[in-house]
Amino acid sequence: ATGFVGERLAAALSAGGHDVIALVRSPGKAASLSAPVMLVTRLDQIPSATRIDAIVHLAGAPIADWPWTRANRFRILWSRLRIMKGLLTLTDRLETKPAVLISASAVGWYGPRGDEILTETDAPGEGFGARSCRTVESTAIRAACRGVRTVSLRIGLVLDRSGGILGRLLPPFDLGVGGRIGHGRQWMSWITRDDLVRLIVHVIATPSLDGAVNATAPNPVRNADFSRLLGRALGRPAIFPLPALPLRLVLREMGDEILLSGQRVLPAKAIASGFVFRHANLEPALAEIVGGPQIEPVANPSSAPVAGVPRTG
C-alpha cells in the first residue's frame, strides 16, 4: 500500500469513499496514504469478523534492482510467497470469505518470445522471470480452492514519472543522453499507472474475470520506438544507445531477460470484459505523463474494505 502502484490504488479508493485496510511494515512509511486508511503491521491484527470484499496482493522485492544472484532470487520469490501464504491463512479464518483475491504477476511469465503475439492462453516461457511468475501464480491459485475468485495480473512496464522504469529513464533522457537499449527491436508491453489502478478496480467489479489477466496497454511498442517517443515528449534527442555487451557483463541473465528481451503482450481478457484503456497508445500517454497527471477517484463495487499490500524487501 506504500509502493509505486499500491499507494495510488489506496489513494483512489479512499478518494472514492471506500474503506481500505493497508498492510505496512512500518506505520511511519504510510504517512503519505490518504485518510481514512486502517493500518495493520500483521495480518493477524485483522479481526476474523471483518468483512473484506477484495484482497489486492502487490507485495514483492523489486525484480530489476539487483543482479539475479542466488540470494536475490530467493529474496524476490520469498518476499512474494511469504505474504501470499499469510493471505491464505487470513482467508481461512475470516468468517466471510472475500469475493476476490488479486495477485500481482508479470509479463515475465511468457519469457523472451521475440515477435510472437501473446495472450492469456499462451504457455509460460523459459528463464528465471518465467519460473518465478509460475511459482507465484500457482501459490495464488490455492485461494480458488477455498472458494475465492482468484486473478493473477500479468503486469507490464508500469509508466509514471514518479517511479518504475520511466522514473529511471527520465533523468538521462531529459539531459539528452537517452536512446534505445541494445538493438532496440525488443518489445515493451507497457501500461500507465492510472490505467493499472483502473484495471484492478475493474477486476474487483467484474465477477467473470478470473485466472490470468494481462495488465498491459493494447499497443506494445519496440524499445527503439519507445525511446524515440520519450525523447519527443521531452523535446530531447534520443540518439545515444545503451550497448548490449556491458549490460550482459554486469547484469548477466537479468540484463538479457529484463532489458534486452521482451514480450509482445495483448490484454485480450481485459478488452473482452469491457475494460476501456484511457491510454491505449504510447505517444499521448507519454505526453500526459510528462505533463503530470492528476489522481482521480475510482469506483469500487462496494463500500466494504479492500486490503492493499505493500512492496517488501
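Please refer to the structure placed before this passage.
Predicted model only: the values in this text are computed from it and were never measured.

Caption draft 1: The overall build of the protein chain, seen in detail. Along the protein chain, the regular secondary structure elements total 10 helices and 13 strands. The C-alpha atoms of the protein chain give 19 Å as radius of gyration, which agrees with the globular expectation for 313 residues (20 Å, within 12%). Along the longest, intermediate and shortest principal axes, the C-alpha atoms of the protein chain span 60 × 40 × 40 Å. Of the contacts formed within the protein chain by residues at least 6 apart in sequence, a portion of 80% connects residues at least 24 apart.

Caption draft 2: Examining the pattern of salt bridges more closely. In this structure the tally under the stated criterion is 12 salt bridges. As a salt-bridge pair, Arg42 and Asp44 come within 2.9 Å of each other at their nearest N and O atoms. Residues Arg198 and Asp195 are paired through a salt bridge, measuring 2.8 Å at the closest nitrogen-oxygen approach. Of the two residues, Arg198 and Asp195 both sit in helix α5 (residues 193-205), 3 residues apart, roughly one turn of that helix. Summarising the burial analysis for this pair, Arg198 and Asp195 share the class buried.

Caption draft 3: Looking closely at the nonpolar core. Counting residues in each nonpolar core, the largest one holds 36 residues, and the members touching the most others are Leu9, Ile102, Leu153, Leu196 and Ile200. Only α1 (6-15), β1 (20-23), β3 (54-57), β4 (100-106), β6 (149-155), α5 and β10 (211-215) provide two or more residues apiece to this core. Take this core: its biggest share by element is 7 residues, from α5. Leu153 has contacts with Ile102, Ser103, Ala104, Ser105, Ala106, Leu196, Leu199, Ile200, Val203, Val213 and Ala215, leaving out every residue within four places of it along the chain.

Caption draft 4: View of the pairing of β10. β10 sits mainly inside the fold: 4 of its 5 residues count as buried. Direction of pairing for β6 relative to β10: parallel, over a ladder of 5 bridges. Its bridge partner being in β10, Val151 is matched across the sheet by Gly211.

Caption draft 5: The arrangement of the environment of Pro67 in detail. In this fold, Pro67 is placed in the loop between β3 and α2 (70-93). Those residues in contact with Pro67 that sit more than four places away from it in its chain are Asn72, Val250, Leu251 and Met254.

Caption draft 6: Highlighting the packing of aromatic side chains. Summed over all chains, the structure comprises 3 aromatic pairs. Look at Phe275 and Phe277: their rings are 4.9 Å apart centre to centre, the planes differ by 90 degrees, and that puts the pair in the edge-to-face class. Between the NZ or CZ atom of Arg73 and the centre of the ring of Phe128, over which it lies, the distance is 4.9 Å. Over the face of the ring belonging to Trp109 we find Arg154, whose NZ or CZ atom lies 3.8 Å from the ring centre.

Caption draft 7: Looking closely at the side chain of Asn214. Residue placement: Asn214 occurs in strand β10. Residue class for Asn214 comes out buried when judged on its relative accessible area of 0%. When sequence neighbours within four positions are dropped, the list of residues in contact with Asn214 reads Tyr110, Leu118, Thr119, Glu120, Arg154, Leu199, Val265, Leu266, Pro267 and Ala270.

Caption draft 8: Up close: a positive patch on the surface. Taken together, the side chains of Arg25, Lys29, Arg75 and Arg82 present a region of like positive charge at the surface. Mapped onto the secondary structure, Arg82 falls in helix α2.

Caption draft 9: Structural view of the state of the cysteines. Considering all chains together, one arrives at 0 disulfides under this definition. Of all cysteine sulfurs in the structure, the one in Cys145 sits closest to Cys133, which takes part in no disulfide; the separation is 20 Å. By relative accessible area, Cys133 is classed as buried at 7%.

Caption draft 10: Representation of helix α4 (residues 164-174) within the structure. Taken residue by residue, α4 has Leu166, Leu169, Leu170 and Phe173 as its buried positions. Axial view of α4: buried residues confined to an arc of 120 degrees, hence all on one face. Summarising the contacts, the buried residues of α4 are in contact with β7 (157-159), α6 (223-234) and α10 (282-291). One or two steps after α4, the chain reaches Gly176, where phi turns positive at roughly 80 degrees.

Caption draft 11: Summary view of a nonpolar patch on the surface. Taken together, the side chains of Leu175, Val177, Ile239 and Phe240 make up a nonpolar region of the molecular surface, amounting to roughly 450 Å² of accessible area. Counting through the fold element by element, Ile239 comes out in the loop between α6 and α7 (244-251).

Caption draft 12: Layout of the packing of α6 against α10. Between α6 and α10, whose axes approach to 9 Å, the crossing angle comes to 40 degrees. Regarding the angle of α6 to α10, the classification is oblique. Viewed along their axes, α6 and α10 form a crossing whose handedness is right-handed. Where α6 abuts α10, its residues Phe226, Leu229, Leu230, Arg232, Ala233 and Leu234 lie against Leu282, Glu283, Leu286, Ala287 and Val290. For the contact of α6 with α10, a count of residues per class yields 9 nonpolar, no polar and 2 charged.

Cut-offs used in this document
- Residues numbered from 1 in each chain as written.
- Predicted model: local features only at pLDDT ≥ 70, side-chain atom pairs only at ≥ 80, totals over all residues.
- Heavy atoms only, no water.
- Helix = DSSP H or I, 4+ residues; strand = E, 2+ residues; numbered from the N terminus.
- Rg over C-alpha atoms; globule rule 2.2 N^0.38 Å.
- Contact = heavy atoms within 4.5 Å.
- Salt bridge = Lys/Arg side-chain N within 4 Å of Asp/Glu carboxyl O.
- Buried < 20%, exposed > 50% of the residue type's maximum accessible area, 1.4 Å probe, protein only.
- Core = buried A, V, L, I, M, F, W, Y, C linked by side-chain atoms within 4.5 Å.
- Pairing = 2+ DSSP bridges.
- Phe/Tyr/Trp six-rings, centres within 6.5 Å; stacked < 30°, edge-to-face > 60°.
- Lys NZ or Arg CZ within 6 Å of the ring centre and 35° of its normal.
- Patch = residues over 30% accessible without salt bridge, like charges linked within 9 Å, V, L, I, M, F, W, Y side chains within 5 Å.
- Areas by Shrake-Rupley, 256 points an atom, 1.4 Å probe, with all protein chains shown as cover.
- Lys, Arg positive; Asp, Glu negative; His and termini not counted.
- Charge placed at Lys NZ, Arg CZ, Asp CG, Glu CD.
- Disulfide = S-S within 2.5 Å.
- Arc of directions from axis to C-beta.
- Axes fitted to C-alpha atoms, helices over the stretch in contact; angles between N-to-C directions.
- Parallel < 35°, antiparallel > 145°, perpendicular 65-115°, else oblique.
- Left-handed = near helix turned anticlockwise from the far one by under 90°.
- Nonpolar A, V, L, I, M, F, W, Y, C, P; charged D, E, K, R; others polar.

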